[in-house]
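Overview (structure and organization)
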Amino acid sequence: MPTVVLAMEQSFTRQGMKTTVVLTPDTPDAGSEVQLKMTLEQDGARVTDREVTLQVFQGDQAEPILDRDVDVLDGQYVDSWRFAKPGEYRVAIGIAGAGDDDDWIDYQVKATVVDSSHDHGFFSHHFGSHWGWWGAGMMILMMVPMIVLM
């Protein structure tokens, strides 16, 4: 089971089927939309007749907080959802085999969802939130005399 961070395109071939999975954005925020796009190819042709399931688990929980089939749109399997709160998640994608129930391909990705609800000011955002307004004030105290001297 390959494990990557979100927004990395991951391609792999198993059981003669090439699978390309793209999850975006690279750093999901709580409440923001996450998108899944996946293509399946076998012998150079797109495959769209497989059952694909999406499950999202929070932390190490055994029961998924999201469990549904993924729809096909324009030759790709696509879905979107939102993470309700910050934390560690596991996104699991299951791809049904050609006929046998035991012929599933499983793909899992770990995601860290951040909290973007805290408000940054302009300076604290650009000069680093750990310095906050003190860092911004120091930058202004250093930059104004330099600009005046030029």
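All figures in this text were calculated on a predicted structure; none of them were measured in a lab.

**A closer look at the packing of aromatic side chains**
- Within the structure shown, the criterion is met by 3 aromatic pairs.
- Ring plane angle 10° and centroid distance 5.3 Å describe the contact between phenylalanine 12 and tyrosine 107, whose orientation is recorded as stacked. With phenylalanine 12 in strand 1 (residues 10–14) and tyrosine 107 in strand 10 (residues 105–113), this residue pair connects regions lying 95 residues apart in the sequence. When sorted by exposure, phenylalanine 12 lands in the same class as tyrosine 107, which is buried.
- Judged by centre distance (4.4 Å) and plane angle (45°), the ring pair of phenylalanine 83 and tyrosine 89 falls under tilted.
- Looking at phenylalanine 83, the relative accessible area reads 1%, which means it is buried.
- Taken together through their ring pairs, the aromatic side chains of Trp81, Phe83 and Tyr89 make up a single cluster.
- For the cation-ring pair, arginine 90 lies above phenylalanine 57, with the distance from its terminal atom to the ring centre recorded as 4.1 Å.

Calculation notes
Residues numbered from 1 in each chain as written. Predicted model: local features only at pLDDT ≥ 70, side-chain atom pairs only at ≥ 80, totals over all residues. Heavy atoms only, no water. Phe/Tyr/Trp six-rings, centres within 6.5 Å; stacked < 30°, edge-to-face > 60°. Helix = DSSP H or I, 4+ residues; strand = E, 2+ residues; numbered from the N terminus. Buried < 20%, exposed > 50% of the residue type's maximum accessible area, 1.4 Å probe, protein only. Lys NZ or Arg CZ within 6 Å of the ring centre and 35° of its normal.

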